[in-house]
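# A structural walkthrough
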Amino acid sequence: MEQGIIVKGTGGFYDVLTDQGKIVTCRLRGRLRLEDERVLVGDRVKITCSDREGVVEEVLPRSNALIRPPIANVDQVMVVAAAAQPDPIPLLFDRILVHVEKAGLKAFIVINKVDLAPDAAEELKEYYQTAGYPVLLASAAQGRGLEEVRECLKGRITTLAGPSGVGKSSLINALAPGFSLETGDISEKLRRGRHTTRTVSLLALPWGGLIADTPGFSRLEMIDIEVEDLQYMFPEFEPYHSECQFRGCLHRHEPNCRVKEAVADGAIARQRYEHYLLFLDEVEENKPY
Ligand SMILES: Nc1nc2c(ncn2[C@@H]2O[C@H](COP(=O)(O)OP(=O)(O)O)[C@@H](O)[C@H]2O)c(=O)[nH]1
Ligand SMILES: [Mg+2]
Ligand SMILES: [Zn+2]
């Protein structure tokens, strides 16, 4: 039996990218069609094939499964911001990062459109590097920084996150010419009536690795997070939070708080800390009592 990864699924047919690099369109073995757990794009599968048609015989255990977009075995999230147009909103990106951490995924940040605002790009880069995230600067328009982005995508399954208009589709097109994803301004896309019933696909990158063609992490309510767990979704708090005087310190009003000291020292960015406090309030508000 051959093994591969499901890269697309529509109407009962699944495209499997085999380890030999072929795409085989498969049906599911009857038994799999009945199982509760749906087969997802990203699933590693065993297939049997005759000529061009194949059958998915077995789904191998998943390491994770995202709901939006529905993909299994995601390794990392490429969070895309723009240096300008639209101006970056750190609060939004911090929200996305909390949800990426909560999903147990790695994140790296690409600041696109450096051509428009190099200084703003550098400032944002420093902010996220202080938080411990890898940050790359790029310009899809000018072809800048693409080699570094390719390197980060290599050999992994990646989903994208980031608001509309930052250049996610443009970046993919620039990285792998030939994909030609639709780009443009939002009003235009709405007018053409996109965003209807779309299924997610994984694009096979020519240098190895798969990337989802549909961004995720757009539902960002602070739900299903425990008050005391939020701090673990800020990786730069890690060296400090176990050293606070009080066990269970939430780093808010407690005295002798090492996290607050780190903020005062500049080791933790003040704005990140302020966002932490804001999210903490939201988490508490969303708790049913
Ligand atoms: N100046 C500049 N414009 C860009 C760059 N990347 C994308 N754009 C433009 O930004 C707009 C939105 O890009 P798109 O890829 O559709 O964004 P998405 O919604 O995140 O997929 C388009 O008009 C692109 O031409 C860039 O690096 N520099
Ligand atoms: Mg797009
Ligand atoms: Zn504390």
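Residues numbered from 1 in each chain as written. Chains lettered and ligands numbered in written order. Predicted model: local features only at pLDDT ≥ 70, side-chain atom pairs only at ≥ 80, totals over all residues. Heavy atoms only, no water.

### Overview of the environment of Leu17
Structurally, the position occupied by Leu17 is in strand S2 (residues 13–18). The sequence separation of Leu17 and Ser218 amounts to 201 residues, and the corresponding C-alpha distance is 28 Å. (Helix = DSSP H or I, 4+ residues; strand = E, 2+ residues; numbered from the N terminus.)

### What to know about the pairing of strand S3 (residues 23–28)
Here S3 shows a clear split, with Val24, Cys26 and Leu28 buried on one side and none of Ile23, Thr25 and Arg27 buried on the other. As judged from the 4 bridges shared by S2 and S3, these two strands associate in the antiparallel manner. The residue of S3 that forms the bridge with Val16 is Val24. Here S2 folds back onto S3, and the loop between the two strands holds 4 residues, one of which, Gly21, carries a positive phi near 90 degrees. In the sheet, S3 pairs with strand S5 (residues 53–59) via 4 bridges, with the strands oriented parallel. (Buried < 20%, exposed > 50% of the residue type's maximum accessible area, 1.4 Å probe, protein only. Pairing = 2+ DSSP bridges.)

### Brief notes about unusual backbone geometry
Across the junction of Arg68 and Pro69, the peptide omega takes the value -10 degrees, indicating a cis bond. Looking at the element boundaries, Pro69 is found in the loop between S5 and strand S6 (76–82). Of note, the amide linkage connecting Gln85 to Pro86 takes the cis form, showing an omega dihedral of 5 degrees. As for its placement among the helices and strands, Pro86 is situated in the loop between S6 and helix H2 (90–102). Phi at Phe217 takes a positive value of approximately 55 degrees, unusual for a residue other than glycine.

### Description of the site of ligand 1
Lys113, Asp115, Gly165, Lys168 and Ser170 are the nearest of the 18 residues found near ligand 1. Here Lys113 contributes a side-chain N or O atom positioned 2.9 Å from an oxygen atom of ligand 1. In this structure, Val166 approaches ligand 1 through a main-chain N or O atom, which is 3.4 Å from an oxygen atom. Its free accessible area being 580 Å², ligand 1 has 79% of it covered by the protein chains. Per-element tally for the shell around ligand 1: the top contributor is helix H5 (residues 168–175), with 3 residues. (Near = heavy atom within 4 Å. Polar contact = N/O pair within 3.5 Å; in protein donor to acceptor, adjacent residues only side chain to side chain. Areas by Shrake-Rupley, 256 points an atom, 1.4 Å probe, with all protein chains shown as cover.)

### Some thoughts on helix H3 (residues 118–130)
Taking 1.5 Å of rise per residue, the 13 residues of H3 would be expected to cover 18 Å, and the 19 Å separating its terminal C-alpha atoms lies within 8% of that figure. For H3, the complete set of buried residues consists of Ala121, Leu124, Tyr127 and Tyr128. Viewed end-on, H3 has its buried residues packed into an arc of 125 degrees, placing them on one side of the element. Away from the buried face of H3 by more than 90 degrees, exposed residues Asp119, Glu123 and Glu126 are located. In the stretch just after H3, Gly132 is the one whose phi turns positive, near 95 degrees. (Expected span 1.5 Å × (residues − 1). Arc of directions from axis to C-beta.)

### What to know about the nonpolar core
Within the largest apolar cluster, 50 residues are counted, with the highest numbers of intra-cluster contacts made by Tyr128, Leu202 and Phe217. Two domains share this core, each providing at least three of its residues, namely domain 1 (2–59) and domain 2 (76–212). With near-sequence residues (within four places) excluded, Phe217 lies in contact with Leu66, Arg68, Val77, Ile96, His99, Val100, Ala103, Leu105, Thr159 and Ala161. (Core = buried A, V, L, I, M, F, W, Y, C linked by side-chain atoms within 4.5 Å. Domains from an automatic or database assignment. Contact = heavy atoms within 4.5 Å.)

### Section: the coordination of the zinc ion (ligand 3)
Distances from the zinc ion (ligand 3) to its protein donors, Cys244 (SG), Cys249 (SG), His251 (ND1) and Cys257 (SG), fall at 2.1 to 2.4 Å. Sequence spacing of the donor residues for the zinc ion (ligand 3), all on one chain, is C-x4-C-x1-H-x5-C. The exposure classification of Cys244 matches that of His251, with both residues buried. (Donors = N, O, S within 2.8 Å, 3.2 Å for Na, K, Ca; no water.)

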